[in-house]
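# What the coordinates show
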Amino acid sequence: MKKLNPEHIKEVMKMVNRAAYFRLLSISIRELGLGYSIVEMELEEKHLNPFGGIHGGAYSSLIDTAAYWALYGDLDESSGLISIDVSVHNLAVAKEGKLLAKGKRIKAGKTLCLAEAVVYDEENRTMAAGSSKMIVSHNLQTIESARRFMDAATLPPKFLQ
């Protein structure tokens, strides 16, 4: 079984956490490993709908992001993932505070992958849940293409020998 290189994971998290979309939504990856991820969002006014509660799109972004990164460790370095179907269940209204989305791999196939994520508030209440189905792309949307787009330093190898 492949073992993720901790230095690669550290550098990927640092790079991705400064991506424009992550900064726009105040999202950051907190943990990343084989088959799981933890993504955090600091809830701000920009995340709220006109009624004062979190917009469903914010939950959707958290769920899709946590699901993606839960699958990342299963990909070889020349592959990427593209979301083809995201299912989101809004279970409670968040209005402030920090949200954690915990992503978990369900199935990492050669062509299709499925991961789920659950969003919790600071009191560990379940706020939303969902899943993301992704297609494996070869030489498209790879971590190397992200590195080039973000003009980041070369990453350490993804896997240890």
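I will try to describe carefully the structure that is included in this document. Numbering of residues starts from 1 in each chain and follows the order in which that chain's sequence is written. Selection of residues for local features in this predicted model requires a pLDDT of at least 70, selection of side-chain atom pairs for listing and counting requires 80 or more, and totals for whole chains, interfaces and linings are taken over all residues. Where side-chain values are given, they derive from all heavy atoms of the structure, hydrogens and water being excluded.

### Structural notes on the environment of N90
Looking at the element boundaries, N90 is found in strand β4 (residues 79-90). Throughout this description, buried means an accessible area under 20% of the type-specific maximum (1.4 Å probe, protein chains only), exposed means over 50%, and partly exposed covers the range between. When its relative accessible area of 48% is taken as the criterion, N90 is described as partly exposed. Between the alpha carbons of N90 and I54 there is a distance of 9.7 Å; along the sequence they are 36 residues apart. When neighbours within four sequence positions are excluded, N90 is seen to be in contact with G56, Y59, M127 and A128. Runs of H or I in DSSP of at least four residues are treated as helices and runs of E of at least two as strands, each being numbered from the N terminus. Residue contacts are defined here by distance: any two heavy atoms, one from each residue, within 4.5 Å place the two residues in contact.

### Some points on a nonpolar patch on the surface
A contiguous nonpolar patch, built from I84, L112 and I135 and spanning about 240 Å² of accessible area, is present on the exposed surface. Tracing the backbone through its elements, the reader meets I84 in strand β4. Like charges within 9 Å and nonpolar side chains (Val, Leu, Ile, Met, Phe, Trp, Tyr) within 5 Å are joined into patches, using only residues over 30% in relative accessible area that form no salt bridge. Note on areas: Shrake-Rupley, 1.4 Å probe, and residue coverage restricted to the protein chains presented here. Here, a salt bridge means any side-chain nitrogen of Lys or Arg that lies within 4 Å of a carboxyl oxygen of Asp or Glu.

### So, the layout of surface pockets
Put simply, the grid is 1 Å and covers the protein atoms alone, a cavity is a trapped set of points that fit a 1.4 Å probe, a pocket is an open set with protein on both sides within 12 Å along at least five of seven lines, and lining residues have an atom within 4 Å of a point. Grid points are joined across faces, edges and corners, and a volume is the space filled by probe spheres set on the points. A volume near 610 Å³ is recorded for the largest pocket. In this structure, the largest pocket is lined by 22 residues; those nearest its centre are V16, F22, Y68, W69 and Q141. Looking at the lining of the largest pocket, the elements with two or more residues in it are α2 (20-25), α3 (56-72), β4 and α4 (143-149). Residue type decides the class: Asp, Glu, Lys and Arg count as charged, Ala, Val, Leu, Ile, Met, Phe, Trp, Tyr, Cys and Pro as nonpolar, and the leftover types, Gly among them, as polar. In terms of residue class, the lining of the largest pocket is made up of 13 nonpolar, six polar and three charged. By volume, the second largest pocket is sized at about 170 Å³. Lining the second largest pocket are D74, L75, D76, S79, A108, G109, K110, C113, V136 and H138.

### Observations concerning the nonpolar core
Grouped together as the largest cluster of nonpolar side chains are 44 residues, with contacts concentrated most on W69, L99 and V119. Elements with a contribution of two residues or more to this core: α1 (6-17), α2, β2 (27-33), β3 (36-43), α3, β5 (97-108), β6 (112-120) and β7 (126-138). Leaving out residues up to four positions away in the same chain, L99 has contacts with V39, E40, M41, L43, I54, Y59, L62, A94, V119, Y120, D121 and M127. Residue types Ala, Val, Leu, Ile, Met, Phe, Trp, Tyr and Cys, when buried and joined through side-chain atoms within 4.5 Å, form a set referred to as a nonpolar core.

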